Amino acid sequence: PQPIYLSDYTPPEYLVDQVELTFRLAPSATRVISKIRFRPNPEAVSKRFFLHGEGLATISSTIDGAPVTPREVEGGIEVDAPDAPFTWEAEVEIDPKANTALEGLYMSNGMYCTQCEAEGFRKITWYPDRPDVMAPFTVRIEGDEPVMLSNGNPTASGDGWREWTDPWPKPAYLFALVAGDLVAREDSFTTMSGKHVDLRLWVRPGDEGKTAFGMEALKKSMKWDEEVYGREYDLDIFQIVAVSDFNMGAMENKGLNIFNTSAVLCSPETSTDANFERIEAIIAHEYFHNWTGNRITCRDWFQLSLKEGLTVFRDQQFSADMRSPSVCRISDVLSLRGRQFREDNGPLAHQVQPDSFVEINNFYTATIYEKGAEVIRMLKTLVGDDGYRKALDLYFERHDGQACTIDDWLKVFEDATGRDLSQFRRWYKQAGTPRLKVTETWDDGTYQLTFTQTTPPTPGQAVKEPQVIPIAVGLLGPNGDEVRETQVLEMTEGTQTFTFEGLSARPVPSILRGFSAPVIVERETTPDERAFLLAHDTDEFNRWEAGRSLAKEVLTGMITGGDAPQAAYLDALATMLRDDSADPAFRALALQMPGEDDIAQTLFDAGMTPDPDAIHEACETLKQARAEYLQDLLPRLSADMTVSEPFEPNAEQAGKRALGLQLLKLATRLDGGKAAQAQYEAADNMTHSLGALACLLDAGKADAALAEFRERWKNDALVMDKWFMLQVSHAAPAEAAATVERLTKDPAFTMKNPNRFRSVFGAFAGNPAGFHQKDGSGYALLADWLIRLDPINPQITARMSGAFETWKRYDADRQDLIAGELDRILATPGLSRDTAEMVGRIRG
Ligand code: DPP
Ligand code: ZN
């Protein structure tokens, strides 16, 4: 397959003024009748009339009523067309039932639904399926399904048909259709200018009890976007539909968002606090796309971060406003490091604005999303809150209704604030995570910090230029008081020194407060200084970071036989835990162990070859030592974390439960699972039962509970996903592959459902010591299943192949084994473009 290049972009040859679609639904033979008004684009550089299409059986096609014979070309058809406005009409037949790739129109659990981003609309009808072609759509759905929905407002209906009209011009990737036996939670919202909006959250009968929280989250999102960004909703109705077979989390189709059930359905009995939090964020994210994505969309897919980076940043702001800002920030950074830094430091590293791709579905990545959001966060730090708001106002005013580029986005910041962003733009064009080396000097009241930035080479980019790095710094005096408040240092050079005068004693610096830039800080320091920051830093993020670094230092010391400041760490941990003024959610995060994958990357960065077994052993040893050291604290703290009010998924209760579960893990190492068994039996919410079950698995005492859990939840797919996932992620290294094999033979396992496949194989990839067993059994097992899944669902296969992306970290034997599996996948006849690109890039 040929790569597509950003530099090859040309404007569309024809624009669309109006789309009329009729769907005659039938599971294996749906007819799609299209009537589209085209007109030549005055800005076009050629006159070719080309329409995308894939797997369409054409019944008829006409231009201005006269039959035409399209020529089949790569990816679609070409037709001789007038150099003046005309009407294209076509009738095609498609087979939703046979569509297991879950792209285009497909059937999930007996209902019809669509997924068109990025390039799924071309599987529905002939169309210029590119985001810079925007048009209003009218859709008529004919069939005997009780509920038949599309984008926009309902405009007409009759026996066996419904009509929907979306007046807002949109690209085809935002098209949606849903039909089936569905029931709605109904509500409404009054916008800031007093307009009434009907709200509907559609689910399968039986799931009504899982819709209350999602609806509240939607209303909060609508209000927040009005208050913080001045953005009002623009149709008479906003609908969400929950679908069980879905490749992504959710999709922002205009007025008709389609959600993976896992990203919207929840109840205290079936969902954990983490589920509630994620659902609130995803509902906000998709709703916020209405302005950042739909009203203003992307010119082409190289601009994907224009909408995704910005919308992630907006959902992060929203979550911070709904919950604790510092706890949200720590969680966001944990996920950034776990996914984006990992990607950025391996063969899949790419720019926030890539220059080329083979399959766009492979670029819905942590870099486009999370790093894209970090870039906007830095921009806001640099121009200030007022500058940011002015720039956003200008963005909406100038570009409403347009398909834009990242350069358009940066230009509004330049115009609104007068700032030159040419150097800042490198954040979009240079891949790789910058390393920030820090040295310091102290001389009679003058303290200097010197920073040196370097970004390692990434595929296709050997040399990097210095980037603009906002470094938020505060200084603490020897007694722990803050002697300099947070100040943002703007680094623009490769090496740069910043001076602080008039200090009475040598300060302890708190660097990169709030994680003000997505970089890796390298600074020689002592365990005592980290413990000091964990005790005194006024910046919660850096307080947490100090404890985290200390834990990592202990672990790497244990593994490499170097210094392992275990006593300093345990003492600092106990002090932190005893601090009742600190938010329990914060303390839970501070008590959380660094992940084994994180340690592997840290060792690799330091020039060593990580051994997954040794890392696992060290983590186990440290967990045991922590439990023993902290045991006197456990009874009192655990009692303090009891929630006596009825379950509410709010931040306050969730924080207490999170710390309670961390304490239960410690207790399990001392009592062999007694407390966990008691909590499992008493649990009246999923957070408690799942947390207790995890502890029982760790203690090797979970058989009875697992059987009971399975029997109780066998009819709830989302809960069963947890049952599968937990067993794999808590399997001992030598048993992980066998656990996966056993679970794939369970009658409830299916590879047609992405959630179920991920619950087993995502968890397997997330159990490094199990996946990286020396004999290569884990690699072979995953490769077998990827080869099996590829013909069914290329997108999920490609995504899951990312499990191999860190392979160059490991020893020569493991690398040989992985290379063998990657080659075996690549040699599979008929391998999808998605998987071929991903595995090919990983192989290098
Ligand atoms: N549905 C995905 C998201 O919202 C892709 N746009 O990020
Ligand atoms: Zn998005």
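What counts and how
Residues numbered from 1 in each chain as written. Chains lettered and ligands numbered in written order. Predicted model: local features only at pLDDT ≥ 70, side-chain atom pairs only at ≥ 80, totals over all residues. Helix = DSSP H or I, 4+ residues; strand = E, 2+ residues; numbered from the N terminus. Buried ≥ 20, exposed ≤ 12 C-beta atoms within 10 Å, placed from the backbone. Contact = placed C-beta atoms within 7 Å. Near = placed C-beta within 6 Å. Nonpolar A, V, L, I, M, F, W, Y, C, P; charged D, E, K, R; others polar. Domains from an automatic or database assignment. Core = buried A, V, L, I, M, F, W, Y, C linked by C-beta atoms within 7 Å. Pairing = 2+ DSSP bridges. Expected span 1.5 Å × (residues − 1). Bend = angle between axes of the 7 residues up to and from the residue. UniProt positions renumbered as here; feature names shortened; annotations may be inferred. pLDDT = per-residue confidence, 0-100. Axes fitted to C-alpha atoms, helices over the stretch in contact; angles between N-to-C directions. Parallel < 35°, antiparallel > 145°, perpendicular 65-115°, else oblique. Left-handed = near helix turned anticlockwise from the far one by under 90°.

Focus: the overall build of the chain
1) Next: Within the chain, the secondary structure is distributed over 26 helices and 31 strands.
2) Next: Judged by the C-alpha coordinates and their principal axes, the chain covers about 85 × 65 × 60 Å.
3) Next: Expressed as a percentage of its 844 residues, the buried residues of the chain come to 51%.
4) Next: The contacts in the chain between residues at least 6 apart in sequence include a share of 70% that link residues at least 24 apart.

A look at the site of ligand 1
1) Next: In the vicinity of ligand 1, the contacting residues are E117, M248, A250, M251, E252, H285, E286, H289 and E308.
2) Next: Secondary structure elements with two or more residues in the shell around ligand 1: β20 (250–251) and α2 (273–288).
3) Next: Taken together, the residues of the shell around ligand 1 break down into 3 nonpolar, 2 polar and 4 charged.

Description of the domain arrangement of the chain
As a measure of interface size, the accessible area lost when the parts come together is often cited.
1) Next: Domain annotation of the chain identifies domain 1 (4–181), domain 2 (298–429), domain 3 (435–517), domain 4 (522–671) and domain 5 (714–844).
2) Next: Placing the centre of domain 2 and that of domain 4 at their C-alpha centroids yields a distance of 31 Å.
3) Next: In this assembly, 10 residues from domain 2 lie in contact with 12 residues from domain 4.
4) Next: Partitioning the side of domain 2 that touches domain 4 into residue classes produces 2 nonpolar, 4 polar and 4 charged.

Brief notes about the nonpolar core
Generally speaking, a soluble globular protein has its nonpolar side chains buried in company with each other.
1) Next: One finds V178, V241, I258, L693, V728 and F764 to be the most contacted residues of the largest nonpolar core, which totals 240 residues.
2) Next: For this core, the element with the most residues is helix α5 (residues 366–399), which contributes 13 residues.
3) Next: For V728, the residues in contact, after removing those within four places along its chain, are A736, T739, V740, L743, V760, A763, F764 and N767.

A few points about the pairing of strand β10 (residues 104–108)
1) Next: In terms of residue burial, β10 counts as a mostly covered element, since 5 of its 5 residues are buried.
2) Next: Judged from the 5 bridges that link them, β10 and strand β11 (residues 111–115) form a sheet pairing that is antiparallel. Across the sheet, residue L105 finds its bridge partner in β11, namely T114.
3) Next: Connecting β10 to the next strand, β11, in antiparallel fashion are 2 residues, including N109 with a positive phi near 55°.

Let's talk about α5
Every α-helical turn comprises 3.6 residues, leaving residues that sit three or four positions apart pointing alike.
1) Next: Helix length check: α5 (34 residues) gives 26 Å between terminal C-alpha atoms against 50 Å at 1.5 Å per residue, more than 12% under.
2) Next: Roughly 115° is the biggest bend found in α5, and it falls at G384.
3) Next: A positive phi of about 85° marks G401, the residue just after α5.

A word on the UniProt feature "domain: Peptidase M1 alanyl aminopeptidase C-terminal" (unreviewed entry) in the chain
1) Next: Sequence positions flagged by UniProt for "domain: Peptidase M1 alanyl aminopeptidase C-terminal" (unreviewed entry) are, in local numbering, residues 528–842.
2) Next: Secondary structure across residues 528–842 comprises 71% helix and 0% strand; the distance between its end C-alpha atoms is 41 Å.

Here's the deal with the sheet that holds strand β19 (residues 237–243)
1) Next: Strand order in the open sheet formed by 5 strands is β17-β18-β19-β21-β20, and the pairing between neighbours is mixed. Strands with a single pairing partner mark the edges of an open sheet, and in this sheet they are β17 (183–190) and β20.

Some words on the UniProt feature "domain: Peptidase M1 alanyl aminopeptidase Ig-like fold" (unreviewed entry) in the chain
1) Next: Per the UniProt entry, the sites bearing "domain: Peptidase M1 alanyl aminopeptidase Ig-like fold" (unreviewed entry) are residues 432–523 in this numbering.
2) Next: End-to-end, the C-alpha atoms of residues 432–523 are 19 Å apart, and along that stretch the chain is 0% helix and 54% strand.

Details of the confidence of the model for the chain
Reading fine detail from the predicted coordinates is not recommended where pLDDT is low.
1) Next: Counting all residues, the mean pLDDT for the chain is 98, and 100% of those residues have values of 70 or more.
2) Next: We note a pTM of 0.99 for the whole complex and an ipTM of 0.97 for its interfaces.

A word on the environment of T687
1) Next: As for its position among the elements, T687 is in helix α17 (residues 686–699).
2) Next: Under the C-beta neighbour-count criterion, T687 is labelled buried, with 23 such atoms within 10 Å.
3) Next: C-alpha of T687 to C-alpha of E269: the two residues are 418 residues apart in sequence and 8.4 Å apart in space.
4) Next: Excluding residues within four positions of it along the chain, T687 makes contact with T272, D273 and R657.

Details of the environment of A212
1) Next: Along the chain, A212 falls in helix α1 (residues 212–229).
2) Next: We classify A212 as partly exposed; it has 14 C-beta atoms within 10 Å.
3) Next: Each C-alpha atom of the pair A212 and S267 lies 8.2 Å from the other, and the pair is 55 residues apart in sequence.

Observations concerning the sheet that holds strand β29 (residues 495–500)
1) Next: Here 4 strands make up an open sheet; going across it, the order is β29-β26-β25-β31 and the pairing mixed. The open sheet has two edge strands, β29 and β31 (520–523), and neither has a second partner. Pairs of neighbouring strands in the sheet enclose a mean axial angle of 25°, with direction left out of account.
2) Next: Across 4 bridges, strand β25 (residues 435–443) lies against β31 in parallel orientation. Bridging across to β31, V438 finds its partner in R523.

Section: the packing of α17 against helix α19 (residues 717–729)
1) Next: Running from N to C, α17 and α19 point in directions that differ by 30°, and their axes come no closer than 10 Å. Put simply, α17 runs roughly parallel to α19. In this structure, α17 crosses over α19, and the sense of that crossing is right-handed. The segment α17 lies against α19, with L690, L693, A694 and L697 engaging K722, L726 and Q727.
2) Next: Its residues assigned to classes, the contact of α17 with α19 comprises 5 nonpolar, 1 polar and 1 charged.

Examining the pairing of strand β30 (residues 508–511)
1) Next: Of the two faces of β30, both are covered, the one formed by V508 and S510 as well as the one formed by P509 and I511.
2) Next: Two elements, strand β27 (residues 469–476) and β30, share 4 bridges in a ladder whose sense is antiparallel. Each residue of the ladder has a partner; that of V473, found in β30, is I511.

Quick notes on unusual backbone geometry
1) Next: Cis geometry is found at the peptide bond from E117 to A118, where omega equals 0°.
2) Next: Inspection of the secondary structure assignment puts A118 in the loop between β11 and β12 (135–142).
3) Next: At N109, a position not held by glycine, the phi torsion is positive, near 55°.
4) Next: Counting through the fold element by element, N109 comes out in the loop between β10 and β11.
5) Next: Judged by local crowding, N109 falls into the partly exposed class, with 14 C-beta atoms found within 10 Å.

Topic: helix α26 (residues 833–843)
1) Next: Considered for burial, the residues of α26 that qualify are D834, T835, A836, E837, M838, V839 and I842.
2) Next: Downstream of α26 by a residue or two, G844 has a phi angle that is positive, lying close to 85°.

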